[in-house]
Amino acid sequence: MRHVAQLTAILCLALALAGCKKEQKVKENSAEYEASLNGRGLIQLSAVETEEALSDVTLHGRYGQSERRWIEYYSKGGVSVFQPDAEQNPKRRLVYIGTWWAELDRACFSYPERKLDCYRLYRDEAGLYFVRTEDDPENPAGSLAAIADRAKAGNTEKYPFVTN
């Protein structure tokens, strides 16, 4: 037993000397969240990469700091359909029809029922991260707005009124 304690102490000292430190978990609703994505090696998508990532695809995701789910379809022609509650009955679901586009370092969305929103996008094997570019009443710029953890080609939800 004594040898295990000594071995553990030596291992801890070796890790400390090697410069290893425990990874700090950053809250999704903090302004530092975007910096944590960069620290994990994620690279922000360019306008061209954003256009490719969002053209003719249906994303399923969750809102930042929540387990609530959403679905959104993006056509190649710039039409978007947003379903804010993924659990709705498909025959009675509420959807918003709007437009989307890539501009500079952001993906922007305009819906008649909502204000114009733009986000910086990051991607890794876990999904596509939508990071706020402006403060809102509850969250600062740099915080996570949403993460899309599933992407499928095409209009998989068969939303009406969408053409490419």
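I will try to describe carefully the structure that is included in this document. Sequence positions are assigned chain by chain, starting from 1 and proceeding in written order. Residues qualify for local features only when their pLDDT is at least 70, as the model is predicted, and side-chain atom pairs are given and counted only at 80 or more; totals for whole chains, interfaces and linings, by contrast, use all residues. With hydrogens and water excluded, all non-hydrogen atoms of the structure serve as input to the side-chain values.

1. Regarding the overall build of the protein chain
Spelled out, the test is: Only DSSP runs of H or I covering at least 4 residues are called helices, and only runs of E covering at least 2 are called strands; the numbering of each starts at the N terminus. Only protein chains enter the accessibility calculation, which uses a 1.4 Å probe; a residue is then buried when its area is under 20% of its type maximum, exposed when over 50%, and partly exposed in between. Only heavy atoms enter the contact rule, under which two residues are in contact if any of them lie within 4.5 Å. Calculation of accessible area relied on Shrake-Rupley with a 1.4 Å probe; when residues are assessed, cover is drawn exclusively from the protein chains displayed.
The secondary structure content of the protein chain amounts to three helices and eight strands. The linear arrangement of helices and strands in the protein chain, starting from the amino end, is α-α-α-β-β-β-β-β-β-β-β. Residue burial in the protein chain is summarised as follows: out of 164 residues, 40% are buried. Looking at the protein chain alone, contacts between residues at least 24 apart form 45% of all its contacts between residues at least 6 apart. Carbon and sulfur atoms form 55% of the exposed surface of the protein chain, whose accessible area is close to 10,300 Å².

2. Let's talk about the pattern of salt bridges
Selection rule: A pair is scored as a salt bridge if a Lys or Arg side-chain nitrogen falls within 4 Å of a carboxyl oxygen belonging to Asp or Glu.
Under the criterion given, the structure shown has eight salt bridges. Ionic pairing is found between glutamate 34 and arginine 120, a salt bridge with its closest N-O pair at 2.6 Å. Of the two residues, glutamate 34 sits in helix H2 (residues 33-39) while arginine 120 sits in strand S6 (residues 117-124), which places them 86 residues apart along the sequence. In this structure, arginine 69 engages aspartate 149 in a salt bridge whose closest nitrogen and oxygen atoms are separated by 2.8 Å.

3. Examining the side chain of arginine 93
Applicable threshold: Any N or O atom pair separated by 3.5 Å or less is treated as a polar contact, with the protein-specific requirement of one donor-capable and one acceptor-capable atom, and with residues adjacent in sequence counted only for side-chain atom pairs.
Relative to the helices and strands, arginine 93 is located in the loop between strand S3 (79-83) and strand S4 (96-103). Of the polar contacts made by the side chain of arginine 93, one reaches the backbone oxygen of glutamate 157; its length is 2.8 Å. Ignoring anything within four residues of it in the chain, the contact list for arginine 93 reads Gln83, Gln88, Glu157, Lys158 and Tyr159.

4. Considering the environment of lysine 76
Mapped onto the elements, lysine 76 comes out in the loop between strand S2 (69-74) and S3. Classification of lysine 76 as exposed rests on a relative accessible area of 55%. Along the backbone, lysine 76 and glutamate 52 are 24 residues apart, and their C-alpha atoms lie at a distance of 9.0 Å.

5. Observations regarding the sheet that holds S6
Convention followed: Two strands qualify as a pair provided DSSP detects at least 2 bridges between them. Throughout, an axis means a line fitted to C-alpha atoms (over the contacting stretch in the case of helices), and angles, computed between N-to-C directions, take values from 0 to 180 degrees.
Spatially, the eight strands close up into a barrel ordered S1-S2-S3-S4-S5-S6-S7-S8, and their pairing is antiparallel. This sheet shows a mean twist of 35 degrees between the axes of neighbouring strands, independent of strand direction. With three bridges connecting them, strand S5 (residues 106-110) and S6 associate as antiparallel partners. Across the sheet, residue cysteine 108 finds its bridge partner in S6, namely cysteine 118.

6. Structural notes on the packing of aromatic side chains
What counts is decided by this rule: Centre distance within 6.5 Å is the pairing criterion for rings of Phe, Tyr and Trp, where only the six-membered ring of Trp is used; planes under 30 degrees apart are then read as stacked, over 60 as edge-to-face, and the remainder as tilted.
In the structure shown here, the tally under the stated rule is eight aromatic pairs. Relative to tyrosine 111, the ring of phenylalanine 82 lies with its centre 6.1 Å away and its plane at 45 degrees, an arrangement referred to as tilted. Taken together, the residues span a long stretch of sequence, with phenylalanine 82 in strand S3 and tyrosine 111 in the loop between S5 and S6 at a distance of 29 residues. Tyrosine 111 matches phenylalanine 82 in its accessibility class, with the two residues each being buried. One aromatic cluster in this structure is built from Trp70, Tyr74, Trp100, Phe109, Tyr119 and Phe130.

7. Some points on the nonpolar core
In plain terms, the rule: Put simply, a nonpolar core is a bunch of buried Ala, Val, Leu, Ile, Met, Phe, Trp, Tyr and Cys residues held in one set by side-chain atoms that sit within 4.5 Å of each other.
Ranked by internal contacts, the top residues of the largest apolar core, which has 21 residues, are Leu54, Leu59, Trp70, Tyr74, Phe109, Leu128 and Phe130. If you list the elements that add at least two residues to this core, you get helix H3 (47-54), strand S1 (57-63), S2, S4, S5, S6, strand S7 (127-132) and strand S8 (144-153). If sequence neighbours within four positions are ignored, leucine 59 has contacts with Leu54, Trp70, Ile71, Glu72, Tyr74, Leu128, Phe130, Ala148, Arg150 and Ala151. The next biggest cluster of nonpolar side chains, apart from the first, holds eight residues, and it includes Tyr33, Leu37, Tyr122 and Tyr129.

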